[in-house]
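Structural features, examined
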Amino acid sequence: DLNTTLIGSIGCKASWSIARNTRVAAGYQFAYSTSNETSTSGVDSRVTTHAPYAVITHGTEDSRISLLGGYALKHHITTSRPDGFDAPVSFMALGGDVRIGAHWKIVGEALSAQSLNAIPVTLTLRYVDKSYAIEAGAMLTGSGFQSSFFPSSIFPLLTATYVW
């Protein structure tokens, strides 16, 4: 028996300019995760999330800051609750980036949500091109996120984004 975790997400976002160097956006994100820790803790978990959100951003391509707010409608199925239960949660994030080269940025973000025991903070290095971005870095979560499957409070991050 192996412990496994699978996470997938897809979303969309539209944005509008409301003033010089200021934009607002609205979006939607769908996420699905499944975690099978039956060999260590006996837990089997599946979470489906629908999350509408809004963002306001001020700055330029060289440096910017964004504030995001949203509401996640989560449905959670576990070994002990096979019919599942709903766990909606509001969330807020603050982030920013600074250009350090023609295609390179340093990015920082922090997230706060009602159900979190800690505030995760990410720091990444992002390669940006006209139609895609690749980002690598780490998330510091604090001890509130530790479990038998994730004993550390530091997680590596790797993301890819394509814009068409």
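Now for a quick tour of the structure. Please read all numbers here as calculations on a predicted model, not as lab measurements. (Residues numbered from 1 in each chain as written. Predicted model: local features only at pLDDT ≥ 70, side-chain atom pairs only at ≥ 80, totals over all residues. Heavy atoms only, no water.)

**What to know about the overall build of the chain**
- Assigned secondary structure in the chain consists of zero helices and 10 strands.
- In the chain, the succession of α and β elements from N to C terminus is β-β-β-β-β-β-β-β-β-β.
- For the chain, buried positions account for 22% of its 164 residues.
- Summarising the internal contacts of the chain: among those between residues at least 6 apart in sequence, 39% fall at separations of at least 24.
- Total accessible area on the chain stands at roughly 10,600 Å², and carbon and sulfur atoms take up 64% of it. (Helix = DSSP H or I, 4+ residues; strand = E, 2+ residues; numbered from the N terminus. Buried < 20%, exposed > 50% of the residue type's maximum accessible area, 1.4 Å probe, protein only. Contact = heavy atoms within 4.5 Å. Areas by Shrake-Rupley, 256 points an atom, 1.4 Å probe, with all protein chains shown as cover.)

**So, the pattern of salt bridges**
- Counted according to the given criterion, the structure contains seven salt bridges.
- Between Asp-44 and Arg-46 there is a salt bridge, with its nearest N and O atoms 3.1 Å apart.
- Residue Arg-46 is classed as partly exposed on the basis of its relative accessible area, which comes to 34%.
- For Arg-126, the salt bridge identified is with Glu-135, shortest N-O distance 3.2 Å.
- Overall, the relative accessible area of 17% leaves Arg-126 in the buried class.
- The network of salt bridges with common partners includes Glu-61, Arg-64, Asp-97 and Lys-105. (Salt bridge = Lys/Arg side-chain N within 4 Å of Asp/Glu carboxyl O.)

**Here's the deal with a nonpolar patch on the surface**
- Together, Ile-18, Ile-56, Ile-65, Leu-67, Met-92 and Leu-94 line one region of the surface with nonpolar side chains, adding up to about 550 Å² of accessible area.
- Every element with two or more residues in the nonpolar patch is listed here: β4 (63-78) and β6 (89-99).
- Within the element layout of this structure, Met-92 appears in strand β6.
- Classification of Met-92 by relative accessible area gives partly exposed; the value is 47%. (Patch = residues over 30% accessible without salt bridge, like charges linked within 9 Å, V, L, I, M, F, W, Y side chains within 5 Å.)

**So, the pairing of strand β9 (residues 132-140)**
- Strand direction decides the pairing type here: strand β8 (residues 121-128) and β9, joined by eight bridges, are antiparallel. Among the inter-strand pairings, Val-128 is bridged to a residue of β9, identified as Ala-133.
- In textbook terms, the turn of a hairpin is the stretch between consecutive antiparallel strands, and for β8 and β9 this stretch comprises three residues. (Pairing = 2+ DSSP bridges.)

**Details of the environment of Arg-46**
- Relative to the helices and strands, Arg-46 resides in strand β3 (residues 43-59).
- Spatially, the C-alpha atoms of Arg-46 and Ile-77 are 5.1 Å apart, while their sequence positions differ by 31 residues.
- Discounting chain neighbours no more than four positions away, the residues touching Arg-46 are Tyr-32, Ser-33, Thr-34, His-75, His-76 and Ile-77.
- A distance of 3.1 Å separates polar atoms of two side chains, one belonging to Arg-46 and the other to Asp-44. (Polar contact = N/O pair within 3.5 Å; in protein donor to acceptor, adjacent residues only side chain to side chain.)

**Describing unusual backbone geometry**
- At Asn-21, a position not held by glycine, the phi torsion is positive, near 65°.
- Position of Asn-21 among the secondary structure elements: in the loop between β1 (4-19) and β2 (22-37).
- Among the residues examined, Asn-21 registers a relative accessible area of 32% and is labelled partly exposed.

That is the geometry; function is a separate question.
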